[in-house]
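Spelled out from the first residue to the last, the chains are:
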Amino acid sequence: MHVHEVIPRSEYEAAAAWLRERLPSLPRIGLVLGSGLAALAEAVEEAMVWPFAEIPGFPAATVEGHPGRVIAGRLEGHPVLVLQGRAHFYEGYSVQRITFPIRVMQLLGVRMLILTNAAGGLNPAFRPGDVMIVRDHIGLPGMAGMNPLRGPNEADWGPRFPELSRAYDPALRALAREVGEAEGLPVHEGVYVMLAGPSFETPAEVRFLRMIGADAVGMSTVPEVIVACHGGMRVLALSGISNVLNPEVFEPPTHEEVLQAGRVLAPRLLTLIRGVLRRLPHEAGSDLSKPHA
């Protein structure tokens with residue numbers, strides 16, 4: 001598969017039509033569950049489940065901790081569409097293919113996207129098991145040309161040059177902070193940096209990433225955020241800190257460590273997500289970025 005694949009509009013529309021025929025109600029909120037966090041999907045009520053492989057155009061998820069299923073149902077009374085796992089650039093897919101499900105969500109009417117990921121902590125104040133609300137990002141692959149919006153622009157889907165200074169919705173971030181404080185959870189805010197992977201960072205790379213202002217590092221999320229913002233969605237992203245990287249006393253991270261941390265992080269992230277959804281209005285057409293008055 002070509003790294004600069006440009007997916008035709010018809011493929012997105014075919015996938016959206018396939019799901020629309022099967023969904024009991026159209027979702028207003030989308031969720032993406034990262035490494036080791038698939039158990040969050042168990043909270044979805046009235047669930048209908050489809051493997052990625054059944055849905056036209058969806059990329060197969062091949063990494064342990066990513067079951068690769070779409071789940072439709074309700075969470076805190078909201079109709080939701082959940083990606084239980086995701087595909088990654090390092091698996092050999094183009095950035096357009098890994099963001100394919102996000103664009104399909106847009107076509108189904110999703111107006112708010114909550115993303116989760118497992119990340120390495122770069123901020124020395126972080127501890128394994130902490131949650132970081134993403135305030136901003138540094139997308140190194142995108143800065144080097146691997147941007148999911150490369151190619152022709154569909155003007156009715158979004159602008160040619162989308163503005164990302166408020167990519168992570170301030171109102172949703174404030175809600176997540178409020179929930180974290182109320183529940184006594186270890187929650188921070190910070191900057192997420194995306195690397196292409198799949199190799200983990202060297203000590204020199206960790207020093208560099210700290211120097212440029214990153215608080216956590218991972219291999220996903222940023223392309224999904226770019227497509228969501230292009231499509232006019234409100235975005236909340238939560239990083240579960242699976243390990244903390246110290247370039248001076250370097251202990252190599254492992255994927256097993258990420259999955260193990262997910263067992264601690266999953267209930268914390270679920271508490272945060274439920275708390276945020278509980279504070280959002282349920283009325284059709286209401287602004288999902290605004291909490292109850």
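1. Brief notes about the pairing of strand 3 (residues 69–75)
Burial of strand 3 is extensive: five of the seven residues sit out of reach of the surface. As defined by bridge partners, strand 2 (residues 45–51) adjoins strand 3 across five bridges and the pair is classed as antiparallel. Bridging from a neighbouring strand, Val49 pairs with Ile71 of strand 3. Here strand 3 pairs with strand 4 (residues 78–84) via seven bridges, running antiparallel. Across the sheet, the residue bridging to Gly73 is Val80, located in strand 4.

2. Topic: the packing of aromatic side chains
Each pair of aromatic rings is reported with the distance of its centres and the angle of its planes. This structure, assessed with the given rule, holds five aromatic pairs. Ring geometry for Tyr12 versus Trp157: centroids 5.4 Å apart, planes at 90°, classification edge-to-face. In this pair, Tyr12 is assigned in helix 1 (residues 9–22) and Trp157 in the loop between helix 4 (140–143) and helix 5 (170–183), connecting sequence segments 145 residues apart. Three or more aromatic residues joined by ring pairs form one cluster here, namely Tyr12, Phe52, Phe58, Phe100 and Trp157. It is Arg97 that lies over the ring of Phe100; its NZ or CZ is 5.3 Å from the centre.

3. Let's talk about the confidence of the model for the protein
Taken over all residues, the pLDDT of the protein has a mean of 90, while the share at 70 or more is 90%. Below pLDDT 50 for its whole length, residues 289–293 participates in 13 contacts with residues either more than four positions away or in separate chains.

4. Focus on the nonpolar core
One finds Leu19, Phe58, Val70, Ile102 and Val104 to be the most contacted residues of the largest nonpolar core, which totals 46 residues. The biggest single contributor to this core is helix 7 (residues 222–230), with six residues. Residues contacting Ile102, with those up to four places away along its chain left out, are Val32, Leu83, Leu113, Glu224, Val227, Ala228 and Met233. Of all hydrophobic cores here, the second largest spans 31 residues; its members include Leu31, Val82, Ile133 and Leu236.

5. Here's the deal with the pairing of strand 9 (residues 234–244)
Most of strand 9 sits inside the fold, with nine of its eleven residues counted as buried. Across ten bridges, the pairing between strand 5 (residues 112–121) and strand 9 is parallel. Following the sheet pairing, Leu115 is matched in strand 9 by Ala237. Sheet topology places strand 6 (residues 131–139) next to strand 9; three bridges connect them, and they run antiparallel. Bridge pairing links Val131 to Gly240 in strand 9.

6. Some points on the packing of helix 1 against helix 3 (residues 100–107)
Helix 3 packs onto helix 1 with a crossing angle of 60° between their chain directions and a minimal axis gap of 9 Å. Judged by the inter-axis angle, helix 1 sits oblique to helix 3. By crossing handedness, the relation of helix 1 to helix 3 is classed as right-handed. Within the contact between the two elements, helix 1 uses Glu11, Tyr12, Glu13, Ala15, Ala16, Leu19 and Arg20 and helix 3 uses Phe100, Arg103, Val104 and Leu107. Of the residues contributing to the contact of helix 1 with helix 3, the split by class is seven nonpolar, no polar and four charged.

Parameters at a glance
Residues numbered from 1 in each chain as written. Predicted model: local features only at pLDDT ≥ 70, side-chain atom pairs only at ≥ 80, totals over all residues. Heavy atoms only, no water. Buried < 20%, exposed > 50% of the residue type's maximum accessible area, 1.4 Å probe, protein only. Helix = DSSP H or I, 4+ residues; strand = E, 2+ residues; numbered from the N terminus. Pairing = 2+ DSSP bridges. Phe/Tyr/Trp six-rings, centres within 6.5 Å; stacked < 30°, edge-to-face > 60°. Lys NZ or Arg CZ within 6 Å of the ring centre and 35° of its normal. pLDDT = per-residue confidence, 0-100. Contact = heavy atoms within 4.5 Å. Core = buried A, V, L, I, M, F, W, Y, C linked by side-chain atoms within 4.5 Å. Axes fitted to C-alpha atoms, helices over the stretch in contact; angles between N-to-C directions. Parallel < 35°, antiparallel > 145°, perpendicular 65-115°, else oblique. Left-handed = near helix turned anticlockwise from the far one by under 90°. Nonpolar A, V, L, I, M, F, W, Y, C, P; charged D, E, K, R; others polar.

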